[in-house]
Amino acid sequence: MSSLPHTTDVLILGSGLAGLVSALHLADRRRVTVVTKGALLEGSSAWAQGGIAAAVAREDSVDAHVEDTLVAGAGLCRRDVVERIATRAPAVIRWLQAQGVAFTAEADNRGVLHLGREGGHSARRIVHVADSTGRAVQETLEERIKRHPNITVLEQRVAIDLVTRGARGSAGRRVDGAYVLDRRSGEVQTLGASAVILATGGLGKVYLYTTNPDVSTGDGVAIAWRAGCRMADLEFIQFHPTCLYHPDAKSFLISEALRGEGGKLVLADGTRFMPAHDARAELAPRDIVARAIDFEMKTRGLDCVWLDMRHHPRSFIAEHFPTIDARCRELGIDMALRPIPVVPAAHYSCGGVLTDARARTDIEGLYAVGEVACTGLHGANRLASNSLLECLVMGEAAAADILAQAATPPPALPDWDHSRVTPARESVRVAHDWDSIRRLMWDLVGIVRSDERLALAARRLDALYAEIDAYYARHRIDNDLLELRNVAEVARLIVRSAQQRRESRGLHYNRDVPEMLCEAVDTVLTP
Ligand code: FAD
Ligand code: SIN
């Protein structure tokens, strides 16, 4: 046991929208420490393009937002959570405006927000800042975070594992803090807290092709699993239909908002194919559009399909999609003159750490907020632009629950034990295993699955995990090794969840069980 080098009231792991919102709602009444793997703004939140769903238009309603979310979620959403989050949406938009976020307004109508349209939404409902909503929101909140005297930000720190006490699965199990690797010094620090919020984001890097940033390695899911939390619905991986296909563009998203403004998906000869797949064509929910593209690419032997925006003049494109236009033009693609090559890529995890409507997990004092969590909002398929909304509402909910309780200081905690390990010498091996897992997940656990592919993936992942875990136990850790172990663990959890679901529903399509069962049941894994 040792005295604590750093204790705080609330420890927040991750500085995406979920982490920053939670911190700002807590900081007037609690000391908060935000630990983040890279720089403060690294994460999916700053990359978000389309915007935030909220029924703010006069001709729209919360009921319609709820209904669209339930339809996209294919029977698996928790209605009470959907209603709560959709109802709160207009208020959290006003909160962001009060923080200083300047959402795009209608050009001819002062004070009225311009609303984008995305697949699965029955109305224009997406509040946005041109096509870089996430960056605008995160930069605004970053300013607030940095100026708040009760918030300490620790960048370049990777959470390794939680410090817990009490028997696994027992009511008395609670969290006391976390072990955190300082990437610059290589030291492991013990951070104590009376409450911990997991806000570590998504897991897109488990797949070879993803829209996600490098930090999205599913760390929070792996950490919570090792600590004894249940996981829900991890088989529902959302593949975004339109990621830019270009050798020099890594993970660049072409927002669904382009299809909302009339963008058409076409083959090389300009033929549209979506109307043959779904009456809603390009604005069908994402699972349908991604599967249709996958089908066209596989049956025709194509490397990509194209998104045609040529019906809009250059001035419209420059005004509405300045960031996407600039990136495409950097790569020699002028979307006013020619269609954009696109492919589906892993984008979002609908499942994650099982939480209740207050963001509580199975462990007392431990909360999960944002993409790492499974609240029941998204069900089997997330409706576009509901994720940032979930971060905003659930960040607020977690903070409210923590503030309703007394902050009890953690006990003295054991230090990290370095004594039995030697320096890691095989970084090539780490890189090789990492590549094998991502490729295997892409090939065997992608948009279309089968029993045979899932069984093969499970066998290979078990073997890889056993090797990685043994290597981990013997060597000094660094960020790459931590991420590799987490990616391997999360990949196994996704495959287990996919094997457990004996039907096809929402984002999970298994061609050996193509029908959807009458009853919708969550896949829950217990450690
Ligand atoms: P993130 O924003 O990803 O933040 C996670 C944080 O945790 C990061 O700071 C990361 O560094 C940190 N972290 C991770 N592991 C560790 C660790 N072990 N230790 C310490 N820190 C750690 N959703 C919408 O609703 N609307 C959109 O328009 C939209 N556009 C998108 C565009 C793109 C390109 C992508 C990738 C996603 C988009 N999404 C959108 C989804 C949405 O952006 C994410 O789901 C959401 O931002 C997740 O927020 P978060 O706070 O949970 O995670
Ligand atoms: C997009 O802009 O297409 C992404 C929106 C989302 O993922 O919700």
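Refer to the structure presented above.
Residues numbered from 1 in each chain as written. Chains lettered and ligands numbered in written order. Predicted model: local features only at pLDDT ≥ 70, side-chain atom pairs only at ≥ 80, totals over all residues. Heavy atoms only, no water.

(A) Seen up close, the overall build of the protein. When helices and strands are counted, the protein shows 13 helices and 18 strands. By the compact-globule yardstick of 24 Å for 527 residues, the protein fits well, its C-alpha radius of gyration being 22 Å. Principal-axis analysis of the C-alpha atoms places the extent of the protein at approximately 65 × 55 × 50 Å. Sorting the 527 residues of the protein into buried and exposed places 61% on the buried side. For the protein, restricting intrachain contacts to residue pairs at least 6 apart in sequence, the fraction spanning at least 24 positions comes to 74%. When the accessible surface of the protein is summed, it comes to about 20,400 Å², and 50% of that surface belongs to carbon and sulfur atoms. Across the protein, the mean location of the 63 positive side-chain charges is 2 Å away from that of the 68 negative side-chain charges. (Helix = DSSP H or I, 4+ residues; strand = E, 2+ residues; numbered from the N terminus. Rg over C-alpha atoms; globule rule 2.2 N^0.38 Å. Buried < 20%, exposed > 50% of the residue type's maximum accessible area, 1.4 Å probe, protein only. Contact = heavy atoms within 4.5 Å. Areas by Shrake-Rupley, 256 points an atom, 1.4 Å probe, with all protein chains shown as cover. Lys, Arg positive; Asp, Glu negative; His and termini not counted. Charge placed at Lys NZ, Arg CZ, Asp CG, Glu CD.)

(B) The arrangement of the side chain of Asp 308 in detail. By the element assignment, Asp 308 lies in strand S13 (residues 305-308). At 2.9 Å, the side chain of Asp 308 forms a polar contact with the side chain of Arg 310. (Polar contact = N/O pair within 3.5 Å; in protein donor to acceptor, adjacent residues only side chain to side chain.)

(C) Local environment of helix H7 (residues 286-300). Helix length check: H7, at 15 residues, gives a terminal C-alpha distance of 21 Å against a target of 21 Å (1.5 Å per residue), a fit within 8%. When H7 is considered as a whole, its buried residues turn out to be Arg 286, Asp 287, Ile 288, Val 289, Ala 290, Ala 292, Ile 293, Asp 294, Glu 296 and Met 297. Residues of H7 that are buried sit in contact with strand S11 (237-244), helix H6 (256-260), strand S12 (264-266), S13 and strand S14 (340-349). Gly 301 occupies a position one or two residues after H7 and carries a positive phi of about 65°. (Expected span 1.5 Å × (residues − 1).)

(D) A look at the site of ligand 2. By nearness alone, every residue bordering ligand 2 is listed as Gln 49, Gly 50, Glu 118, His 240, Leu 253, Ser 255, Glu 256, Arg 286, His 347, Arg 382, Ala 384 and Ser 385. At 2.8 Å from an oxygen atom of ligand 2 is found a side-chain nitrogen or oxygen belonging to His 240. For ligand 2, whose free accessible area comes to 260 Å², the fraction covered by protein is 93%. Here the shell around ligand 2 is built from residues that sort into two nonpolar, six polar and four charged. (Near = heavy atom within 4 Å. Nonpolar A, V, L, I, M, F, W, Y, C, P; charged D, E, K, R; others polar.)

(E) Inspection of the sheet that holds S14 at higher detail. In spatial order, the strands read S11-S14-S13-S12; together these four strands make up an open sheet with antiparallel pairing. Two strands bound the open sheet, and with one partner strand each, they are S11 and S12. Across this sheet, the average inter-strand angle for adjacent strands is 45°, counted without regard to direction. Here S13 runs beside S14; their pairing, made up of three bridges, is antiparallel. Note that in S14 the partner of Trp 306 across the bridge is Pro 341. (Pairing = 2+ DSSP bridges. Axes fitted to C-alpha atoms, helices over the stretch in contact; angles between N-to-C directions.)

(F) Representation of helix H12 (residues 451-474) within the structure. The terminal C-alpha atoms of H12 lie 35 Å apart, and with 24 residues this matches the ideal 34 Å at 1.5 Å per residue to within 8%. Among all positions in H12, only Leu 454, Ala 457, Ala 458, Leu 461, Leu 464, Tyr 465, Ile 468, Tyr 471 and Tyr 472 are buried. Contacts made by the buried residues of H12 are with strand S7 (157-165), helix H11 (427-444) and helix H13 (479-500).

(G) Region of interest: the site of ligand 1. The immediate surroundings of ligand 1 are formed by 38 residues, with Ser 45, Gly 51, Asp 219, Glu 371 and Ser 387 found nearest. Interatomic distance of 2.7 Å between a side-chain N/O atom of Glu 371 and an oxygen atom of ligand 1. In the environment of ligand 1, an oxygen atom lies 3.5 Å from a nitrogen or oxygen atom belonging to the backbone of Ser 385. Computed on the free molecule, ligand 1 has an accessible area of 1,000 Å², of which 98% lies beneath the protein chains in the complex. Contributing elements (two or more residues each) for the shell around ligand 1: helix H1 (17-26), S7, S14 and helix H10 (386-403). A breakdown of the residues in the shell around ligand 1 according to their chemical character gives 13 nonpolar, 19 polar and six charged.

(H) Local environment of the pattern of salt bridges. Enumeration over the complete set of coordinates arrives at 41 salt bridges. Arg 360 is paired through a salt bridge with Asp 401; the nearest N and O atoms lie 2.7 Å apart. A residue pair is termed long-range when its members are at least 10 positions apart, and Arg 360 in the loop between strand S15 (352-354) and strand S16 (366-368) and Asp 401 in helix H10 qualify at 41 residues. The closest approach of N and O atoms between Asp 451 and Arg 502, which form a salt bridge, is 3.0 Å. Here Arg 502 lies in the loop between H13 and strand S18 (524-525) and Asp 451 lies in helix H12, a separation of 51 residues in the sequence. Among the residues examined, Asp 451 registers a relative accessible area of 28% and is labelled partly exposed. Residue Arg 502 is classed as partly exposed on the basis of its relative accessible area, which comes to 42%. Put simply, Asp 233, Glu 235, Arg 501, Glu 503 and Arg 505 are held in one network by salt bridges that share partners. (Salt bridge = Lys/Arg side-chain N within 4 Å of Asp/Glu carboxyl O.)

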